[in-house]
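Spelled out from the first residue to the last, the chains are:
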Amino acid sequence: MPTLSNPPVRTLRETRSAPEWTSSQAAAGSGQFLNTPGFQLRPLQVTWEMTQACDWKSTPARAGARSLRDRHQFSTAEAFHLVEEVAAMHVPLLALTGGDPLLRPDVFPVIEFASGRSVRTSLTLLPTPLLDAAAIAELKASGLMRVAFWLHGSTAALDDAHWAVPGSHRRTLAVIGSCHEVQLPVQINTIIARRNFHDVDPMIELLTRLDVVLWNVFFFVPPSREQAGELLTADEHEQIFAKLYAASKVVHFEIKTTEGQHYQRYLLQQRARESRGRMTEADVITCAPKGVNDGKALVFINHTGEVYPSRFLPLSAGNVTTQPLAEVYCDSPLFVSLRDSSRLKGKCGRCPARNVCGGSRARAYAMTGDLFAADPCCAYEP
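Here's what I pulled together on the structure shown here. Residue numbers restart at each chain and count upward from 1, following the sequence in its written direction. Reporting of local features is limited, given that this is a predicted model, to residues whose pLDDT is at least 70; pairs of side-chain atoms are given and counted only at 80 or more, and all residues count toward the totals for whole chains, interfaces and linings. Hydrogens and water molecules were not included; the side-chain quantities draw on all heavy atoms of the structure.

## Details of the packing of aromatic side chains
Piece 1. Here a Phe, Tyr or Trp ring, Trp counted by its six-membered ring, pairs with any other such ring whose centre lies within 6.5 Å, and the pair is stacked when the planes are under 30 degrees apart, edge-to-face when over 60, and tilted otherwise. Scanning the entire structure with this criterion turns up 11 aromatic pairs.
Piece 2. Relative to Phe-241, the ring of Phe-219 has its centre 5.5 Å away and its plane inclined at 75°; by these criteria the two rings are edge-to-face. Remark: Phe-241 occurs in helix H9 (residues 234-248) and Phe-219 occurs in strand S6 (residues 214-219); sequence separation between them is 22 residues.
Piece 3. Relative accessibility decides the category of a residue: with a 1.4 Å probe and only protein chains considered, values under 20% of the type maximum give buried, values over 50% give exposed, and everything between is partly exposed. The class for Phe-241 is buried, based on a relative accessible area of 0%.
Piece 4. Ring geometry for Tyr-263 and Tyr-266: centres 6.3 Å apart, planes at 15°, overall stacked. With Tyr-263 and Tyr-266 both in helix H10 (residues 262-274) and three residues apart, this pair spans about one turn of that helix.
Piece 5. Overall, Tyr-263 belongs to the buried group, its relative accessible area being 4%.
Piece 6. Given a relative accessible area of 10%, Tyr-266 falls into the buried group.
Piece 7. Three or more aromatic residues joined by ring pairs form one cluster here, namely Phe-219, Phe-241, Tyr-245, Tyr-263 and Tyr-266.
Piece 8. Note that Arg-117 overlies the ring of Phe-113, its terminal NZ or CZ placed 3.6 Å from the centroid.
Piece 9. Across from the ring centre of Tyr-329, 4.9 Å away, lies the NZ or CZ of Arg-339, which sits over that ring. Per the convention used, a helix needs a DSSP run of H or I reaching at least four residues, while a strand needs a run of E reaching at least two, with both numbered from the N terminus. By definition, being over a ring means that NZ of Lys or CZ of Arg is both within 6 Å of the ring centre and within 35 degrees of the ring normal.

## Quick notes on the environment of Leu-102
Piece 1. Examined against the element boundaries, Leu-102 turns out to sit in the loop between strand S2 (93-97) and helix H4 (107-116).
Piece 2. Sequence separation of Leu-102 and Leu-126 is 24 residues, and the distance between their C-alpha atoms is 8.9 Å.
Piece 3. Contact partners of Leu-102, with chain neighbours within four places excluded, come to Val-107, Phe-108, Leu-125, Leu-130 and Leu-131. The contact definition used throughout considers only heavy atoms, calling two residues in contact when any of these lie within 4.5 Å.

## Observations regarding the pattern of salt bridges
Piece 1. The salt bridge criterion pairs a side-chain nitrogen of Lys or Arg with a carboxyl oxygen of Asp or Glu, the two atoms within 4 Å. Applying the stated rule across the entire model yields eight salt bridges.
Piece 2. One salt bridge connects Arg-104 with Asp-106, and the closest N-O pair in it is separated by 2.7 Å.
Piece 3. Residue Glu-236 is joined to Arg-194 by a salt bridge in which the shortest nitrogen-to-oxygen separation is 2.7 Å. With a gap of 42 residues between them, Glu-236 in helix H9 and Arg-194 in the loop between strand S5 (186-192) and helix H8 (200-210) connect regions that are remote in the sequence.
Piece 4. By relative accessible area, Glu-236 is classed as buried at 13%.

## Here's the deal with the side chain of His-237
Piece 1. Here His-237 shows up in helix H9.
Piece 2. Residue His-237 is classed as buried on the basis of its relative accessible area of 1%.
Piece 3. Not counting the four nearest positions on each side in its chain, His-237 is found in contact with Phe-219, Leu-232, His-262, Arg-363 and Cys-377.

## Digging into empty space enclosed by the protein
Piece 1. Of the two site types, the cavity is a set of points on a 1 Å grid over the protein atoms alone where a 1.4 Å probe fits but cannot get out, and the pocket is an open set with protein on both sides within 12 Å along at least five of seven lines, each lined by residues with an atom within 4 Å of a point. Grid points are joined across faces, edges and corners, and a volume is the space filled by probe spheres set on the points. Inspection of the entire model under this criterion finds three cavities of 30 Å³ or more.
Piece 2. If you trace the largest cavity, you find it lined by His-262, Arg-265, Lys-347, Cys-348, Cys-351, Arg-354, Cys-357, Gly-358, Gly-359, Cys-378, Tyr-380 and Pro-382.
Piece 3. Elements represented by at least two residues in the lining of the largest cavity include exactly H10 and helix H14 (346-350).
Piece 4. Only Asp, Glu, Lys and Arg are considered charged, only Ala, Val, Leu, Ile, Met, Phe, Trp, Tyr, Cys and Pro nonpolar, and every remaining residue, Gly among them, polar. Across the lining of the largest cavity, the residue classes break down as six nonpolar, three polar and three charged.

## Re H10
Piece 1. If you check H10, its first and last C-alpha atoms are 19 Å apart, about what 13 residues at 1.5 Å a residue would give, namely 18 Å.
Piece 2. If you check which residues of H10 are buried, you get His-262, Tyr-263, Arg-265, Tyr-266, Leu-267, Leu-268, Gln-269, Gln-270 and Ala-272.
Piece 3. Positive backbone phi, at 55°, marks Arg-276, one or two positions downstream of H10. Each helix should span, by expectation, one fewer than its residue count multiplied by 1.5 Å.

Shape descriptors only; they carry no functional weight alone.
Now the structure itself:
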């Protein structure tokens, strides 16, 4: 087990105990409710960026030095406290990501600490030299529920070009094999954009051979207007939806989308059509549960504790080093506003599926500067 690194802990953070999750917490919007008395609004997933450090050529010795240099990221004590907050809220999944989380010497104790408090964890990793069969085995022994890797193409040419790191595709496939050897379930994440739009069918074939349990398809959100050329059109999103829907009927792994909220609307349309007239689209949408969106059941916490509605929406609602996570999620003006579908504009505001979908708030904000504007990549006309 690696030696723990304990940089100085912020006084407020060190002394504040995990908050009680009481029935007085506001029950706003489309939050998820628990049957347990005293629990109400909670996210379905908390994603924590353990570090932004990433060194494709790192060695264990350099990793320790790197973690000591980054004084802004959580200390081990702060990490444990965040896990306690997530446990107190009964969040179904804590997703750990980076950077390269293996550059934190406490990554294994944090996972073990979460496992001991019945917090299910997934961990997204990069195929750096730190990731070998021994690390995979230790992650499994620590109680990790699932490990995730990025594959942005079915071939080395496509995937390596995304990272600009030759050999990353080959190494990812190799460590997936190591995961299977210790029976650690594997998730694959893929960002779909202009550059790999043509590669969906080959990716499905590859993931079938790799025996993964989940494919998380991220629909591109441009970090800047200059990168908007990689954005797919609304019609191209529909084409991808059709491929995902067809695949979901035959593959053995689960398919989910990130920043593809309108895929839920597409699914409901298909179910209405397959009912052979027994149900209209309006009937299906009315019966559907409220959807997951930026700020609705999702929380992203960066390496310094800033809380965002999603990784792709750069608007902070608070910081968990000074506020309880439950308070930020339930009561911050940003999260409360995102749970109010009446604030949506344009066709998103008129759409009968606005509570099931609501469009990508991150993409709307990136393209228009308006958090509540219509998703520019949705082809549906209410």
